[in-house]
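Residue-level structural notes
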Amino acid sequence: RSDAAQLWELRRSHPLCAALANAISKESTGVKNVDILEEAQRVTIGLGGGQATFCKSGKDRTAMGVTLQQSRILGEGHGCGTSPQRILRDANTMRATGTRIEVANKNIGYYKYSFNPLQVSFMPEMYRPPPQTVQDFTTSMIKRDS
């Protein structure tokens, strides 16, 4: 079957899947469509499933994904606000003061994620750490942990 036919079938298969199918249909080569991750998470949770998030070392990128997921669940499941600005504010609060920054400290000895400003500039907005938790360029190269 064609890609279009498969997307149409996904939209019809379950009401939760319509937004996921729309996000998939917007996918293009060379551009990361993080909406697919968000909608896949929403479908998984809506159907009573679980999710695991991993990056190469299981620290920094995982921290950005997990805190974003927690913020969305907080907003959608507990009525704390669902606007992108609110979700990002809550995620950044968790990133700066929550358990994930403690993991970074345990791994590298200080409260910074192993990203430098150049790397952060290429990250999707919702996955960027708060500025105060980003290493400077020199430190990120000298004290590289992954």
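These numbers were taken from a predicted model, which means no experiment stands behind them.

1. Quick word on the pattern of salt bridges
Summed over the entire model, instances satisfying the criterion amount to five salt bridges. Taking the shortest distance from any N to any O, the salt bridge between arginine 42 and glutamate 38 comes out at 3.0 Å. Note that arginine 42 and glutamate 38 are positioned in helix α3 (residues 35-46) at a spacing of four residues, about one turn of the helix. Since its relative accessible area comes to 27%, arginine 42 is described here as partly exposed. What makes glutamate 38 buried here is its relative accessible area of 18%. Across the salt bridge formed by glutamate 76 and arginine 42, the nearest N and O atoms sit 2.3 Å from each other. Here arginine 42 lies in helix α3 and glutamate 76 lies in helix α4 (residues 60-78), a separation of 34 residues in the sequence.

2. Quick look at the layout of surface pockets
Empty space within the largest pocket amounts to approximately 650 Å³. Lining the largest pocket are 28 residues, and of these Val34, Leu37, Arg61, Gly65 and Tyr127 lie nearest its centre. Breaking the lining of the largest pocket down by element, the ones donating at least two residues are α3 and α4. Of the residues forming the lining of the largest pocket, the biggest block, seven residues, is contributed by α4. The residue makeup of the lining of the largest pocket, split by class, is 14 nonpolar, 10 polar and four charged.

3. Overview of the packing of α3 against α4
Two numbers describe how α3 lies on α4: the axes approach to 12 Å, and their chain directions differ by 55°. Taken as axis vectors, α3 and α4 run oblique relative to one another. The handedness of the crossing between α3 and α4 is right-handed. Contacts between α3 and α4 pair Glu38, Gln41, Arg42 and Ile45 from the former with Gln69, Arg72, Ile73 and Glu76 from the latter. Split by residue class, the contact of α3 with α4 holds two nonpolar, two polar and four charged.

Calculation rules
Residues numbered from 1 in each chain as written. Predicted model: local features only at pLDDT ≥ 70, side-chain atom pairs only at ≥ 80, totals over all residues. Heavy atoms only, no water. Salt bridge = Lys/Arg side-chain N within 4 Å of Asp/Glu carboxyl O. Helix = DSSP H or I, 4+ residues; strand = E, 2+ residues; numbered from the N terminus. Buried < 20%, exposed > 50% of the residue type's maximum accessible area, 1.4 Å probe, protein only. 1 Å grid on protein atoms, 1.4 Å probe; cavity = no way out; pocket = protein on both sides within 12 Å on 5 of 7 lines; lining within 4 Å. Points joined across faces, edges and corners; volume = space filled by probe spheres on them. Nonpolar A, V, L, I, M, F, W, Y, C, P; charged D, E, K, R; others polar. Axes fitted to C-alpha atoms, helices over the stretch in contact; angles between N-to-C directions. Parallel < 35°, antiparallel > 145°, perpendicular 65-115°, else oblique. Left-handed = near helix turned anticlockwise from the far one by under 90°. Contact = heavy atoms within 4.5 Å.

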